[in-house]
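Tertiary structure, described
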Amino acid sequence: MTNDFYIFETKFGLLKIESDGEYITTIEFNNPTSNNQYRLNDTIKSAFVELNEFFDGKRKYFSFPIKLNGTEFQKSVWNELMKIPYGETRTYKDIAISIGNPKACRAVGLANNKNPLPIVVPCHRVIGSKGALTGYAYGLNMKEILLKLEKGMK
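Structural notes, computed from the coordinates. (Residues numbered from 1 in each chain as written. Predicted model: local features only at pLDDT ≥ 70, side-chain atom pairs only at ≥ 80, totals over all residues. Heavy atoms only, no water.)

Considerations on the packing of helix H2 (residues 72–81) against helix H4 (residues 105–113)
H4 packs onto H2 with a crossing angle of 80° between their chain directions and a minimal axis gap of 9 Å. Relative to H4, H2 is oriented roughly perpendicular. Within the contact between the two elements, H2 uses Phe 73, Gln 74, Val 77, Trp 78 and Leu 81 and H4 uses Ala 107, Val 108, Ala 111 and Asn 112. Broken down by class, the residue content of the contact of H2 with H4 amounts to 7 nonpolar, 2 polar and no charged. (Axes fitted to C-alpha atoms, helices over the stretch in contact; angles between N-to-C directions. Helix = DSSP H or I, 4+ residues; strand = E, 2+ residues; numbered from the N terminus. Parallel < 35°, antiparallel > 145°, perpendicular 65-115°, else oblique. Contact = heavy atoms within 4.5 Å. Nonpolar A, V, L, I, M, F, W, Y, C, P; charged D, E, K, R; others polar.)

A short note on the pattern of salt bridges
In total, this model carries 12 salt bridges according to the counting rule given. Linking Glu 72 and Lys 75 is a salt bridge whose minimum nitrogen-to-oxygen distance equals 3.8 Å. Of this pair, Glu 72 and Lys 75 both sit in helix H2, 3 residues apart, which is roughly one turn of that helix. The class for Glu 72 is exposed, based on a relative accessible area of 61%. Lys 75 sits in the partly exposed class, given a relative accessible area of 24%. A salt bridge links Glu 88 to Arg 90; the nearest nitrogen and oxygen atoms lie 3.1 Å apart. In the salt-bridge network here, residues are joined through shared partners; they are Lys 16, Glu 18 and Glu 28. (Salt bridge = Lys/Arg side-chain N within 4 Å of Asp/Glu carboxyl O. Buried < 20%, exposed > 50% of the residue type's maximum accessible area, 1.4 Å probe, protein only.)

Considering unusual backbone geometry
One non-glycine residue, Ile 119, lies in positive phi territory at about 80°. With respect to the secondary-structure elements, Ile 119 resides in the loop between H4 and strand S6 (126–127). Residue classification places Ile 119 among the buried residues on the basis of a relative accessible area of 1%.

Here's the deal with the pairing of strand S3 (residues 24–29)
Burial of S3 is extensive: 6 of the 6 residues sit out of reach of the surface. Bridge count for strand S2 (residues 13–19) against S3 is 5 bridges, and the pairing is antiparallel. Note that in S3 the partner of Glu 18 across the bridge is Thr 26. Between the end of S2 and the start of S3, which pair antiparallel, lie 4 residues, with Gly 21 showing a positive phi angle near 105°. (Pairing = 2+ DSSP bridges.)

Brief notes about the nonpolar core
If you look at the biggest cluster of nonpolar residues, it comprises 36 residues, and the most contacted ones within it are Leu 15, Ile 17, Ile 24, Leu 51, Phe 55 and Leu 81. Elements that contribute at least two residues to this core include exactly S2, S3, helix H1 (42–55), H2, helix H3 (92–98), H4 and helix H5 (140–150). The dominant element in this core, judged by the number of residues it contributes, is H1, at 6 residues. The contacts of Ile 24, once residues within four sequence positions are left out, are Ile 17, Glu 18, Ser 19, Thr 43, Ile 44, Ala 47, Phe 64, Pro 65, Ile 66, Lys 67 and Leu 117. (Core = buried A, V, L, I, M, F, W, Y, C linked by side-chain atoms within 4.5 Å.)

Right under this line is the structure:
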């Protein structure tokens, strides 16, 4: 079965949302690509509405259904990321410790880079140990924008 996807224009650039019909499986920014079927379904519509509300600073939590596809380690990291409260940050080391693998800081970073659902799984909330913005699949500028958005800054 092929997934459906739709590409939306947002104030932060192009946003691709992909769904298997029941769950949102992938979100991509800027230069989205896909070999799947270009079609808008109800799951994608509801995700876009909620993501747009997030971009407008009106939503802190998401209610649309998601499916995380990855290794068990990646899923453990991504599930931990979803526990980081809106407007707060954690370090890679904090995440490694919280999943019971304190030496896995780099592996946490690699899992963040493979995150299929940015924003929903808020990997932008993970920063370097000295508070520096480090690594983000969509660029440090986008990471900074998202963190400022959550702090209520323009």
